[in-house]
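# Fold and geometry: a report
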Amino acid sequence: MKQLDIERRVALSLAVGRYLRSAERFNDASREFTGACKSLRNQLGTDQRFVVQSDFKHFLVTSDRHGNFDVEQIQTL
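Residues numbered from 1 in each chain as written. Predicted model: local features only at pLDDT ≥ 70, side-chain atom pairs only at ≥ 80, totals over all residues. Heavy atoms only, no water.

### Here we look at the domain arrangement of the protein chain
Definition in use: The source of the domain bounds is an automatic or database domain assignment. Here, residues are in contact when the closest pair of their heavy atoms is within 4.5 Å. By buried area we mean the combined loss of accessible area, with a 1.4 Å probe, across both parts when two parts are placed together. Any carboxyl oxygen of Asp or Glu that lies within 4 Å of a side-chain nitrogen of Lys or Arg is treated as forming a salt bridge with it. Polar contacts here mean pairs of N or O atoms no more than 3.5 Å apart (in protein, one a potential hydrogen donor and the other a potential acceptor; neighbouring residues in sequence count only if both atoms are side-chain atoms). Gly is placed with the polar residues, together with every amino acid not listed as nonpolar (Ala, Val, Leu, Ile, Met, Phe, Trp, Tyr, Cys and Pro) or charged (Asp, Glu, Lys and Arg).
Assigned domains within the protein chain: domain 1 (1–43) and domain 2 (45–76). With centres defined by C-alpha atoms, the gap from domain 1 to domain 2 works out at 31 Å. Counting residues at the interface gives 5 residues for domain 1, matched by 4 residues for domain 2. On the domain 1 side of the contact with domain 2, Cys37, Leu40 and Arg41 bury the most area, a combined 89% of that side's loss. Between the two partners, domain 1 and domain 2, sit 0 salt bridges. Counting across the domain 1 and domain 2 interface gives 1 residue pair in polar contact (both at pLDDT 80 or more). Classifying every residue of the side of domain 1 that touches domain 2 gives 2 nonpolar, 2 polar and 1 charged.

### Quick word on a nonpolar patch on the surface
Our working rule: Two distance rules govern patches: like charges are joined within 9 Å, and nonpolar side chains (Val, Leu, Ile, Met, Phe, Trp, Tyr) within 5 Å, applied only to residues with over 30% relative accessible area and no salt bridge. Areas reported here follow the Shrake-Rupley algorithm with a probe of radius 1.4 Å; residue values treat only the protein chains shown as occluding. For the purposes of this entry, the term helix denotes a DSSP run of H or I that reaches at least four residues, the term strand denotes a run of E that reaches at least two, and both are numbered from the N terminus. Any residue under 20% of the maximum accessible area for its type is buried, any over 50% is exposed, and the rest in between are partly exposed; the area is computed with a 1.4 Å probe on protein chains only.
Together, Ile6, Val10 and Leu14 make up an exposed nonpolar region whose accessible area comes to about 300 Å². Among the secondary structure elements, Leu14 is positioned in helix H1 (residues 6–44). Residue Leu14 is classed as exposed on the basis of its relative accessible area, which comes to 58%.

Written out as structure tokens, the structure reads:
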């Protein structure tokens, strides 16, 4: 096993720390996204098509009979 000098060990330690913090944020965001999708799917129902406004933007929301949905930003009405 090759011994690492102190600068290399510090750099690796910082890189691993950054990776671990990013992985934690990613996993949190993934859980939040999954929960939001589940909530939206439960609220939508099937075969829906409508426009919503959120944060001063307009979105076309569609769902099919299988529970799949799409939210697409559109230009203002």
